Amino acid sequence: MPRPLAGRITTLVVAGLLVPALAACGADDSKAASAEGGDSTLVIYSGRNEKLVKPILDELEKAIGAEVEVRYGDSAELAAQILEEGDRTKAGLFFSQDAGALGALSKEGRLAKLPQSSLDKVDPAHRGSAGDWVGVSGRVRVIAYNPDQVGEDKVPDSIHDVVKPEWKGKVGFAPTNASFQAFVTGMRVLEGEDTTREWLKGLKANGKTYANNLATLDAVESGDVSLGLINHYYWYEQVAEKGADKVGSKLRFLPGGDPGALINVAGVGMLQDSGQTESARKAVDHLLSKEAQTYFADTTKEYPLAAGVTSSVQDLPPLDSLQAPDIDLGKLESLQETLAMLQDVGLV
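Because the structure is a prediction, the values reported are computed rather than measured. (Residues numbered from 1 in each chain as written. Predicted model: local features only at pLDDT ≥ 70, side-chain atom pairs only at ≥ 80, totals over all residues. Heavy atoms only, no water.)

1. Topic: the pairing of strand 9 (residues 227-231)
- Counting buried residues in strand 9 gives five out of five residues, a clear majority hidden from the surface.
- Taking every second residue as pointing to the same face, both faces of strand 9 are buried, with L227, L229 and N231 on one and G228 and I230 on the other.
- Where strand 6 (residues 134-145) lies against strand 9, five bridges are found, and the strand directions are antiparallel. The partner of R141 across the bridge, within strand 9, is N231.
- Pairing analysis gives two bridges linking strand 7 (residues 171-173) to strand 9, with the strands arranged parallel. Residue V171 lies in a different strand from strand 9, and its bridge partner there is L227. (Buried < 20%, exposed > 50% of the residue type's maximum accessible area, 1.4 Å probe, protein only. Helix = DSSP H or I, 4+ residues; strand = E, 2+ residues; numbered from the N terminus. Pairing = 2+ DSSP bridges.)

Dropping the structure here:
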């Protein structure tokens, strides 16, 4: 069974961002321990929430024929931890909540090339351009809206529309949420610094801030705001939990490659020279297997990314029907600049 690893707090830099991170106990001998254990143990640093992915990671020991140990934490913090540990890292596999942290490790040469057979299971848009990480599940940025306050034909078709005067005081969002920050990073990459800064200023003037995506959706449901900027799966989780007739809000999937339609991914990468290569490769393939992909589709309500697996969630638009912006997800690693911009306009 997966077991958490102990650690202490240090301050590190990932993609130029100062973050606190867990430092591994006995880091000096971690390389030796990995070599001695060979592929008998796979150590996973998981930036995905334990509640969401523990069931699927619990199945890994049987699937890969090796013991599995898991350290859970924030994706940026764990990526920074790996950078600090360098060749001494205990991690054989990094499971990230978002593409940005994987992009940061790829940029620093810490990830190993994945087998082409594994890469080929996922569309190039959802994997690293260097072939060293691959997405395993996807989530889409959407606009949730309250149909009692705004008609379907009046819901914005672009993220740029939510900063127009008619939406003043009617837009909810979570500026400290990692997914919102990844979206802003994507907007910076796609449309530049000046456009993104002006949009954030307009959003601050028009919007109300909440702690997270779920609180934002609740605000739309209650009528506290008319629109909410969230990830799609929160709405579908609410429908699964309460029933469609008990969920009063609706979703707008944005068209035309709008930056507000970003498809971000949770993904995995193997660490260079970890002594766990065989087990890590098997783990990657298991996370791309029909069993695991079905779990992401049906349980977490995310999009499965491996070819041949589709979601059974009712009324969820097919992934290939979405009009997401064309972006190299690895470039979402420039989080420092996003945080500086959010601080400068007074949103964090």
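2. Things to note about the confidence of the model for the protein chain
- Residues at a pLDDT of 70 or more form 89% of the protein chain, whose mean pLDDT is 89.
- Counted against residues more than four places away or in other chains, residues 1-38, with its pLDDT under 50, gives 95 contacts. (pLDDT = per-residue confidence, 0-100. Contact = heavy atoms within 4.5 Å.)

3. Overview of unusual backbone geometry
- A positive phi angle, near 50 degrees, is found at D273, a position not held by glycine.
- Note on placement: D273 falls in the loop between strand 11 (263-270) and helix 11 (277-287).
- We classify D273 as exposed; its relative accessible area is 53%.
- Look at K301: it is not a glycine, yet its phi comes out positive at around 65 degrees.
- With respect to the helices and strands, K301 occurs in the loop between helix 12 (290-298) and strand 12 (303-304).

4. Quick notes on the packing of helix 7 (residues 178-191) against helix 13 (residues 335-344)
- Two elements in contact, helix 7 and helix 13, have axes whose closest approach is 9 Å; the angle formed by their N-to-C orientations is 100 degrees. Overall, the two elements helix 7 and helix 13 adopt an arrangement that is roughly perpendicular. Two secondary-structure elements touch here, helix 7 through F180, Q181, V184, T185 and R188 and helix 13 through L335, E337, T338, L339, M341 and L342.
- Looking at the contact of helix 7 with helix 13, its residues break down into six nonpolar, three polar and two charged. (Axes fitted to C-alpha atoms, helices over the stretch in contact; angles between N-to-C directions. Parallel < 35°, antiparallel > 145°, perpendicular 65-115°, else oblique. Nonpolar A, V, L, I, M, F, W, Y, C, P; charged D, E, K, R; others polar.)

5. A short note on the packing of helix 8 (residues 193-206) against helix 13
- Where helix 8 contacts helix 13, the axes come no closer than 10 Å and their chain directions differ by 40 degrees. Considering their axes alone, helix 8 and helix 13 lie oblique with respect to each other. Crossing of helix 8 over helix 13 shows right-handed handedness. Taking contact as the criterion, the partners of E193, T196, R197 and L200 in helix 8 are, on helix 13, M341, L342 and D344.
- Considering only residue class, the contact of helix 8 with helix 13 consists of three nonpolar, one polar and three charged. (Left-handed = near helix turned anticlockwise from the far one by under 90°.)

6. Topic: the environment of T41
- Looking at the secondary structure, you find T41 in strand 3 (residues 41-46).
- The sequence separation of T41 and S279 amounts to 238 residues, and the corresponding C-alpha distance is 7.9 Å.
- Excluding residues within four positions of it along the chain, T41 makes contact with E67, E69 and Q276.

7. Topic: the nonpolar core
- Counting 76 residues, the largest nonpolar core has F94, F180 and W199 as the members making the most contacts within it.
- Not counting chain neighbours up to four residues away, the residues in contact with F180 comprise R141, F173, A174, P175, W199, L200, L203, L229 and L342.
- Judged by nonpolar contacts, the second largest core, of 22 residues, contains A144, A219, Y236 and V313. (Core = buried A, V, L, I, M, F, W, Y, C linked by side-chain atoms within 4.5 Å.)

8. Regarding the pairing of strand 5 (residues 93-96)
- Burial along strand 5 is two-sided: L93 and F95 and F94 and S96, pointing in opposite directions, are all buried.
- With three bridges joining them, strand 3 and strand 5 adopt parallel strand pairing. Counterpart to Y45 in the pairing with strand 5 is F94.
- Relative to strand 11, strand 5 runs antiparallel, the two sharing four bridges. Paired with F95 across the bridge in strand 11 is V268.

9. Thoughts on the pattern of salt bridges
- One pass over the full model with this rule turns up 12 salt bridges.
- Here K121 makes a salt bridge to D285, at a shortest N to O gap of 3.5 Å. Placement of the pair is K121 in the loop between helix 6 (116-119) and strand 6 and D285 in helix 11, with a sequence separation of 164 residues.
- Among the residues examined, D285 registers a relative accessible area of 27% and is labelled partly exposed.
- Here R252 ties to D157 by a salt bridge, and the two come within 2.8 Å at their closest N and O atoms. Here R252 is found in strand 10 (residues 250-252), whereas its partner D157 is found in the loop between strand 6 and strand 7, with 95 residues between them in sequence.
- Given the relative accessible area of 14%, R252 is considered buried. (Salt bridge = Lys/Arg side-chain N within 4 Å of Asp/Glu carboxyl O.)

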